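# Structural overview
Below, each chain spelled out in residue letters.
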Amino acid sequence: QVQLVESGGGLVQTGGSLRLSCAASGIIFGLAAMGWYRQAPGKQRDLVATITVASSTGYADSVKGRFTISRDNAKNTVYLQMNSLKPEDTAVYYCAAAKTFGWPRSYDYWGQGTQVNVSS
């Protein structure tokens, strides 16, 4: 069974940094596009960042320049480095995997989420 397990969430002050990790198992990680989504209370789940098999990256405008998605295929892990955090970044962050070489139109597998709280 495919499992995506996020870690690294927590409480941080405005302007601080966190690095989220997502460890994948049950998939050929190097053949999966990976993404990070987030969902704030009462809001829809929105795509934050994606990284393709070829390590092309894309970001939501709201996080561009502050967040960096990366992957370590040897560790079957995708990361989201979050810098200059703002209160509006507060959300549950979800890792997702897609069985596609290019840009995902949808994701096939999801993690359980990790909470990020940014205090003002």
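Predicted, not measured: the structure shown is a model, and the values here were computed from it.

Overall, the coordinates contain three salt bridges when judged by the stated rule. Close ionic contact of Asp-61 with Lys-64 constitutes a salt bridge, the shortest N to O distance being 3.1 Å. In terms of burial, Asp-61 and Lys-64 fall into one category: exposed. The network of salt bridges with common partners includes Arg-38, Arg-66 and Asp-89.

A few words now on the packing of aromatic side chains. This model, assessed by the stated rule, comprises three aromatic pairs. Aromatic side chains Tyr-37 and Tyr-107 sit 5.6 Å apart centroid to centroid with 90° between the ring planes, which places their arrangement in the edge-to-face category. Of this pair, Tyr-37 sits in strand β4 (residues 33–39) while Tyr-107 sits in the loop between β9 (91–98) and β10 (109–110); the two residues are 70 residues apart in sequence, bridging distant segments of the chain. Judged by its relative accessible area of 15%, Tyr-37 is buried. Take Tyr-107: its relative accessible area is 11%, and that puts it in the buried class.

Moving on: the side chain of Thr-50. Within the secondary structure, Thr-50 is located in strand β5 (residues 46–51). On the accessibility criterion, Thr-50 (6% relative accessible area) is buried. A polar contact of 3.2 Å, which involves the side chain of Thr-50, links it to the backbone oxygen of Met-34. Dropping the residues within four chain positions of it, Thr-50 is found in contact with Met-34, Gly-35, Ser-56, Thr-57, Gly-58, Ile-69, Trp-103, Pro-104 and Tyr-107.

Another point: the pairing of β4. Most of β4 sits out of view: six of its seven residues are buried. Bridge count between β4 and β9: seven bridges; the pairing is antiparallel. If you follow Gly-35 over to β9, its bridge partner there is Ala-96. Pairing between β4 and β5: five bridges, direction antiparallel. Bridge assignment links Arg-38 to a residue of β5, and that residue is Asp-46. Here β4 hands over to β5 after six residues, with Gly-42 in that stretch at a positive phi of 75°.

Moving on: the environment of Ser-119. You can see Ser-119 is positioned in strand β11 (residues 114–119). Of the residues examined, Ser-119 reaches a relative accessible area of 31% and is grouped as partly exposed. Beyond its immediate sequence surroundings of up to four residues, Ser-119 is in contact with Leu-11, Val-12, Gln-13 and Thr-14.

A few words on the nonpolar core. Counting residues in each nonpolar core, the largest one holds 28 residues, and the members touching the most others are Met-34, Trp-36, Val-78, Leu-80, Met-82 and Tyr-93. Looking at this core, the elements that each hand over two or more residues are β3 (18–25), β4, β5, β7 (67–72), β8 (77–82), β9 and β11. Setting aside residues no more than four positions away along its own chain, Leu-80 makes contact with Leu-18, Arg-19, Leu-20, Trp-36, Val-48, Ala-49, Phe-67, Thr-68, Ile-69 and Tyr-93. In terms of nonpolar packing, the next biggest core, distinct from the first, is built from six residues, Ala-33, Tyr-37, Tyr-94 and Ala-96 among them.

Cut-offs applied
Residues numbered from 1 in each chain as written. Predicted model: local features only at pLDDT ≥ 70, side-chain atom pairs only at ≥ 80, totals over all residues. Heavy atoms only, no water. Salt bridge = Lys/Arg side-chain N within 4 Å of Asp/Glu carboxyl O. Buried < 20%, exposed > 50% of the residue type's maximum accessible area, 1.4 Å probe, protein only. Phe/Tyr/Trp six-rings, centres within 6.5 Å; stacked < 30°, edge-to-face > 60°. Helix = DSSP H or I, 4+ residues; strand = E, 2+ residues; numbered from the N terminus. Polar contact = N/O pair within 3.5 Å; in protein donor to acceptor, adjacent residues only side chain to side chain. Contact = heavy atoms within 4.5 Å. Pairing = 2+ DSSP bridges. Core = buried A, V, L, I, M, F, W, Y, C linked by side-chain atoms within 4.5 Å.

Just distances and angles here, no functional claims.
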